[in-house]
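Examination of the molecular architecture
Listed here are the chains, written in short residue letters.
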Amino acid sequence: MENQSAADRNSGVPRMILESPWDDVLQEDLELLAQDDSIPFGLLKGKTVFVTGATGLLGSQIVKTLLCNNRHYGTNIRILALVRSKEKAQKVYGGLLVRDDLQLVYGDVTQKIECAGQVDYIVHGASATSSRYFVSNPVETIATAINGTVNMLEFAKLRRVQGFLYLSSLEVYGTPAADAGLITESYSGYIDPLSVRSSYSEGKRMVECICASYASQYEVPVKIARLSQTFGAGVDYADGRVFAEFARCALEKKDIVLHTKGQTVRSYCYTRDAVAAMLLILLKGEAGTAYNVTNMDTKISIADMAQLVCDTFPQSGIHVTFDLPQDLASFGYNPEMVIALDSSRLMALGWKPTVNLREMFTRLAKSMTIDPNNG
């Protein structure tokens, strides 16, 4: 791994530039997060936070939130952002790379983590995210999850970090029973271990067990955020997930085509609310414990969500249509199910969601329209 040197920085550019000057929607989210009194930013004053998956949607917004808090309050948080691609890092962070409170660390979580200096907190978000990738590259999906997390946990153990957050997924619950109701953190649904699509779900489950084991055996203060599907400002225009496809259809005035009956029911979370939750879990959560991250008021089926998008953007004149393929498995979709998470444990830490589903799509679409990095 290679740390970005001071020679790579342009010292002639002011340090305290805006975190998302090209996207007003995302900048507003970052400002609200940085000034959120429910997040104990004071615990991070003068500390170093190491973020993996730092060019991803949530990893990058955690980094930018901390930078925004520094700009407003002089918290002097030092952020180390682990990235694999210099080109992608430049696209995500742009002029922020001249700031002296942000340092890129080039490398891969599947390799030994080497980084000089003190590290106080770790947010581990590096992961495969594409359903098609889970199906086409199941071995790599599992290897990244397990080997990458073990490397980060070993790094955390040696550095004696004060907090470690692992970004997990609602997919650890597999396919819940039809009468499961709201899913709490103690629930365990069915996952078919012989399905290659399970490479992601089973990988997340195994990694959670590894995290709990490091917390128990080595006293690494690992906390786990089980994220529902999360979207909002900052999503890349070309993102292949269902929420982005729906928003693109509205922007491009194309009918929404569903390749399933759309009967799967999920709950969702806005990116700003998820970032607030993750920072709260990192700083106030209990080691060895998992927390569901979702807005319980957003429970909806895929088909109904598609119709909601049509209704939210009537000027697009789009409709919902169905095209059911014979080889549905090639799309990487999960079986149809009802899975709505219970976020009561997280709310007990002082968190509450602030953005409803309709506003999530409104802000997503506006952000996708104005961000020059999107498309």
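For clarity, every value in this text was computed on a predicted model and none was experimentally measured.

Reading guide: rules and limits
Residues numbered from 1 in each chain as written. Predicted model: local features only at pLDDT ≥ 70, side-chain atom pairs only at ≥ 80, totals over all residues. Heavy atoms only, no water. Buried < 20%, exposed > 50% of the residue type's maximum accessible area, 1.4 Å probe, protein only. Helix = DSSP H or I, 4+ residues; strand = E, 2+ residues; numbered from the N terminus. Polar contact = N/O pair within 3.5 Å; in protein donor to acceptor, adjacent residues only side chain to side chain. Axes fitted to C-alpha atoms, helices over the stretch in contact; angles between N-to-C directions. Left-handed = near helix turned anticlockwise from the far one by under 90°. Contact = heavy atoms within 4.5 Å. Nonpolar A, V, L, I, M, F, W, Y, C, P; charged D, E, K, R; others polar. Phe/Tyr/Trp six-rings, centres within 6.5 Å; stacked < 30°, edge-to-face > 60°. Disulfide = S-S within 2.5 Å. Lys, Arg positive; Asp, Glu negative; His and termini not counted. Salt bridge = Lys/Arg side-chain N within 4 Å of Asp/Glu carboxyl O. pLDDT = per-residue confidence, 0-100.

1. Quick notes on helix α1 (residues 24-34)
Counting buried residues along α1, 8 of its 11 residues qualify, which places the element largely inside the surrounding structure. The complete set of buried residues in α1 reads Val25, Leu26, Gln27, Asp29, Leu30, Glu31, Leu33 and Ala34. Sitting at the amino-terminal end of α1 is Asp23, which places a side-chain oxygen 3.0 Å from the backbone nitrogen of Val25.

2. Observations regarding the packing of α1 against helix α2 (residues 57-73)
Where α1 contacts α2, the axes come no closer than 8 Å and their chain directions differ by 65 degrees. Note that α1 runs across α2; the crossing there is right-handed. Of the residues in α2, those in contact with Leu26, Gln27, Leu30, Glu31, Leu33 and Ala34 of α1 are Gln61, Lys64, Thr65, Cys68, Asn69, Arg71, His72 and Tyr73. Here the residues of the contact of α1 with α2 sort into 6 nonpolar, 5 polar and 3 charged.

3. A look at the side chain of Arg363
Following the sequence through the fold, Arg363 ends up in helix α11 (residues 357-370). In this structure the side chain of Arg363 is engaged in a polar contact, spanning 3.3 Å, whose partner is the backbone oxygen of Val25. Once you skip the residues sitting within four places of it in the chain, Arg363 turns out to touch Val25, Glu28, Asp29, Tyr270 and Arg272.

4. Focus on the packing of aromatic side chains
Under the counting rule described, the total for this entry stands at 6 aromatic pairs. Seen from their ring centres, Phe231 and Phe243 are 4.7 Å apart, and the 15 degrees between their planes marks the pair as stacked. Placement of Phe231 in strand β8 (residues 229-231) and of Phe243 in helix α7 (residues 242-252) is noted, with a sequence separation of 12 residues between them. With respect to class, Phe231 is no different from Phe243; both count as buried. Both rings, one in Phe231 and one in Phe361, keep their centres 4.8 Å apart while their planes meet at 50 degrees; by these two values the pair is tilted. With a gap of 130 residues between them, Phe231 in strand β8 and Phe361 in helix α11 connect regions that are remote in the sequence. For the pair Phe231 and Phe361, one class covers both residues: buried.

5. Focus on the state of the cysteines
Tallied over the entire structure, the rule returns 0 disulfides. Cysteine Cys209 shares no disulfide, and the gap to the nearest cysteine sulfur, in Cys211, comes to 9.4 Å.

6. A look at the side chain of Asp120
Inspection of the secondary structure puts Asp120 in the loop between β4 (102-106) and β5 (121-124). No salt bridge forms around the buried Asp120; measuring N to O, its nearest opposite-charge neighbour Lys47 is 4.6 Å away. Apart from residues no more than four positions distant in its own chain, Asp120 is found in contact with Lys47, Thr48, Val161, Gln162 and Gly163.

7. What to know about unusual backbone geometry
Look at Arg160: it is not a glycine, yet its phi comes out positive at around 55 degrees. Residue placement: Arg160 occurs in the loop between α5 (138-159) and β6 (163-169). Phi angles above zero are rare outside glycine, and Lys253 is one such case at about 55 degrees. By the element assignment, Lys253 lies in the loop between α7 and β9 (256-258). Owing to a relative accessible area of 57%, Lys253 belongs among the exposed residues under this scheme.

8. Here's the deal with the confidence of the model for the protein chain
With 92% of its residues at a pLDDT of at least 70, the protein chain reaches an overall mean of 91. Counting contacts from residues 1-14, a segment whose pLDDT is below 50, to residues more than four positions away or on other chains yields 31 contacts.

9. As for the pattern of salt bridges
In the structure shown here, the tally under the stated rule is 15 salt bridges. One salt bridge in this structure joins Glu31 and Arg71, with 2.7 Å as the shortest N-O distance. Taken as a pair, Glu31 in helix α1 and Arg71 in helix α2 lie far apart in primary sequence, 40 residues in all. Note on Glu31: relative accessible area 18%, which makes it buried. The class of Arg71 is partly exposed, set by a relative accessible area of 22%. Via salt bridges that share partners, Glu19, Glu31, Arg71, Arg99 and Asp101 belong to a single interconnected network.

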